[in-house]
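Each chain is listed here by its residues.
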Amino acid sequence: MTTTGIPPLPKAELHLHIEGTLEPETVFALAGRNDVALPYAGVEDLRARYDFTDLQSFLDVYYANMAVLRTRDDFAELASAYLRRCPEQGVRHVEMFFDPQAHTARGVPMADVVGGLTDAVDAHAGEVSAGLILCFLRDQPVAAAEETLRAAEPYLDRIVGVGLDSAEVGNPPSRFVPVFDRARELGLRPVAHAGEEGPASYVREALDDLGVLRVDHGIRAVEDEELVARLRRDRTPLTVCPLSNVRLGCVPGMALHPLPEMLAADLNVSVHSDDPAYFGGYVDANYAAAREGLGLTDEQVVTLAENSFTSAFLEPAARDAFVGEVRSWAGGRPA
Ligand code: ADE
Ligand code: ZN
């Protein structure tokens with residue numbers, strides 16, 4: 001239940017970087033426990049630096065803060081803190097991104113990263129279903145991505161897919177063909193960030209060269225009419241994160257966000273939170289931005305929630321059950 005007594009709209013969270021849920025207070029708590037020196041005077045000083053000008057200005061702080069994550073328990077606590085929030089947000093299913101290269105490069109074993117995250121997933125299995133998507137850092141060499149995939153092979157039963165994130169411009173999807181080919185051979189589902197800061201052509205490449213099943217962000221696809229027609233025809237899921245796009249300057253303001261245009265074009269969009277500890281709110285705040293900041297109707301908001309489940313890597317029975325829950329929620333609401 002929410003504070004209004006109305007249960008929250010059921011939804012799936014498909015675009016969430018678990019490291020992006022590291023709240024400033026947790027950065028300080030873990031730094032104290034792990035004896036990591038921080039270059040900030042305190043929590044408020046750190047928060048004051050969340051005034052981003054673009055994707056890179058965010059990534060600099062995001063990677064720096066990760067230095068406090070050292071042990072299997074740290075990863076378990078990070079993911080548990082996030083999963084505990086899910087019921088109040090109506091989140092029934094999560095496919096969370098993680099960035100192993102950002103940890104293994106600091107000497108944290110892959111076993112501790114995946115082990116900690118799966119400890120949390122298992123501990124919260126009664127409240128929310130959750131899967132992991134291993135992301136490759138596109139601003140690092142392809143060989144590092146290949147090495148990361150090899151290091152993850154013992155844990156593939158706990159990983160549903162692979163993604164591609166980090167600094168987009170100048171790092172096109174086509175660079176990562178070999179490692180995505182291998183990931184698909186291993187049975188992993190491919191997704192990629194594309195068309196966030198980078199051009200619509202990166203969305204095409206993600207589809208054509210990497211065979212992605214979902215596009216993360218994809219907001220710049222609207223600049224290419226033919227691509228929009230293709231995305232509509234194929235019902236390609238696009239995981240859109242309105243607060244992130246505004247906070248990183250990918251759109252000049254919420255009122256100019258292309259989500260209404262994407263819905264009007266009948267694209268398969270859903271709404272998510274990206275890095276909620278950094279961008280001013282979890283998935284409910286992104287839904288609120290869509291509803292209040294973009295003037296979406298109740299019906300459109302319900303469509304976003306349905307799309308979140310139909311776009312998830314769920315078995316058909318589970319997917320249909322969740323969609324049923326969305327419909328009953330919508331049917332039970334006063335007009
Ligand atoms: N890693 C974490 N958040 C990201 C974003 N919004 N874009 C690319 N890489 C990311
Ligand atoms: Zn993202």
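Before reading further, recall that the structure is shown in the block above.
Everything numeric in this text was worked out from a predicted model, so none of it was measured. (Residues numbered from 1 in each chain as written. Chains lettered and ligands numbered in written order. Predicted model: local features only at pLDDT ≥ 70, side-chain atom pairs only at ≥ 80, totals over all residues. Heavy atoms only, no water.)

Caption draft 1: Structural view of the side chain of E196. Along the chain, E196 falls in the loop between β5 (189-194) and α9 (200-208). Here E196 sits buried without a salt bridge, and the closest side chain of opposite charge, R138, lies 6.5 Å off (N-O distance). (Helix = DSSP H or I, 4+ residues; strand = E, 2+ residues; numbered from the N terminus. Buried < 20%, exposed > 50% of the residue type's maximum accessible area, 1.4 Å probe, protein only. Lys, Arg positive; Asp, Glu negative; His and termini not counted. Salt bridge = Lys/Arg side-chain N within 4 Å of Asp/Glu carboxyl O.)

Caption draft 2: Layout of the packing of aromatic side chains. Evaluated as defined, the whole model comprises 12 aromatic pairs. Here the aromatic rings of F309 and F322 are separated by 4.7 Å at their centres, their planes lie at 15 degrees, and the arrangement is stacked. One end of the pair, F309, is in helix α15 (residues 298-310); the other, F322, is in helix α16 (residues 316-332), and 13 residues separate them in sequence. Of the two residues, F309 and F322, neither departs from the other in class, the shared state being buried. Put simply, the rings of Y50, F52, F58, Y62, Y63, Y278 and F279 pair up and form one aromatic cluster. The ring of F313 carries R214 above its face, with NZ or CZ at 4.2 Å from the centroid. (Phe/Tyr/Trp six-rings, centres within 6.5 Å; stacked < 30°, edge-to-face > 60°. Lys NZ or Arg CZ within 6 Å of the ring centre and 35° of its normal.)

Caption draft 3: Structural context of the site of ligand 1. Around ligand 1, a shell composed of H17, L55, F58, L59, Y62, D165, S166, H193, E196, H217, D274 and D275 is seen. A distance of 3.4 Å separates a nitrogen atom of ligand 1 from a polar atom in the side chain of H17. In this structure, a nitrogen atom belonging to ligand 1 sits 2.6 Å away from a side-chain N or O atom of D275. Protein coverage of the free-state accessible area of ligand 1, which is 260 Å², stands at 100%. Taking a 2 Å distance to the grid points as the criterion, the majority of the atoms of ligand 1 fall inside the largest cavity. Sorting elements by how many residues they give to the shell around ligand 1 places helix α3 (residues 55-65) first, with 4 residues. (Near = heavy atom within 4 Å. Polar contact = N/O pair within 3.5 Å; in protein donor to acceptor, adjacent residues only side chain to side chain. Areas by Shrake-Rupley, 256 points an atom, 1.4 Å probe, with all protein chains shown as cover. 1 Å grid on protein atoms, 1.4 Å probe; cavity = no way out; pocket = protein on both sides within 12 Å on 5 of 7 lines; lining within 4 Å. Sits in = over half its atoms within 2 Å of the grid points.)

Caption draft 4: Quick look at the environment of P242. Looking at where P242 falls in the secondary structure, it is placed in helix α11 (residues 242-247). When the C-alpha positions of P242 and V283 are compared, they lie 9.9 Å apart, and in sequence the two are 41 residues distant. Excluding anything up to four places from it in sequence, P242 contacts M254, H257, V271, H272 and N286. (Contact = heavy atoms within 4.5 Å.)

Caption draft 5: Quick peek at the coordination of the zinc ion (ligand 2). Surrounding the zinc ion (ligand 2) are the protein donor atoms H15 (NE2), H17 (NE2), H193 (NE2) and D274 (OD), which sit 2.1 Å from the metal. Between the 4 donor atoms coordinating the zinc ion (ligand 2), the angles at the centre fall across 85 to 172 degrees, so the site counts as irregular. Taken in sequence order, the residues that donate to the zinc ion (ligand 2) follow the motif H-x1-H-x175-H-x80-D. Note that H193 is positioned in strand β5 and D274 in the loop between β8 (268-271) and α13 (276-279), a separation of 81 residues in sequence. The burial state of H193 is the same as that of D274; both residues are buried. (Donors = N, O, S within 2.8 Å, 3.2 Å for Na, K, Ca; no water. Tetrahedral: all angles 85-135°; square planar, octahedral: opposite > 155°, others 65-115°.)

Caption draft 6: Summary view of empty space enclosed by the protein. Inspection of every chain in the model, using the stated rule, returns 1 cavity of 30 Å³ or more. Looking at the largest cavity, it is lined by 16 residues, and the ones nearest its centre are H17, L55, F58, L59 and H193. For the lining of the largest cavity, the element with the highest residue contribution is α3, accounting for 5 residues. Split into classes, the residues belonging to the lining of the largest cavity amount to 7 nonpolar, 4 polar and 5 charged. (Points joined across faces, edges and corners; volume = space filled by probe spheres on them. Nonpolar A, V, L, I, M, F, W, Y, C, P; charged D, E, K, R; others polar.)

Caption draft 7: Up close: the environment of A255. With respect to the helices and strands, the residue A255 is situated in the loop between α11 and α12 (259-264). By relative accessible area, A255 is classed as exposed at 71%. Between the C-alpha atoms of A255 and L46, which are 209 residues apart in sequence, the distance is 28 Å. Not counting chain neighbours up to four residues away, the residues in contact with A255 comprise G293 and L294.

Caption draft 8: Representation of the pattern of salt bridges in the model. By the definition in use, this model includes 22 salt bridges. A salt bridge links D119 to R72; the nearest nitrogen and oxygen atoms lie 2.8 Å apart. With D119 in helix α6 (residues 110-123) and R72 in helix α4 (residues 72-89), this residue pair connects regions lying 47 residues apart in the sequence. Among the residues examined, R72 registers a relative accessible area of 37% and is labelled partly exposed. With a shortest N-O distance of 3.2 Å, R319 and D320 are connected by a salt bridge. Salt bridges sharing partners connect three or more residues here, namely E25, E44 and R47.

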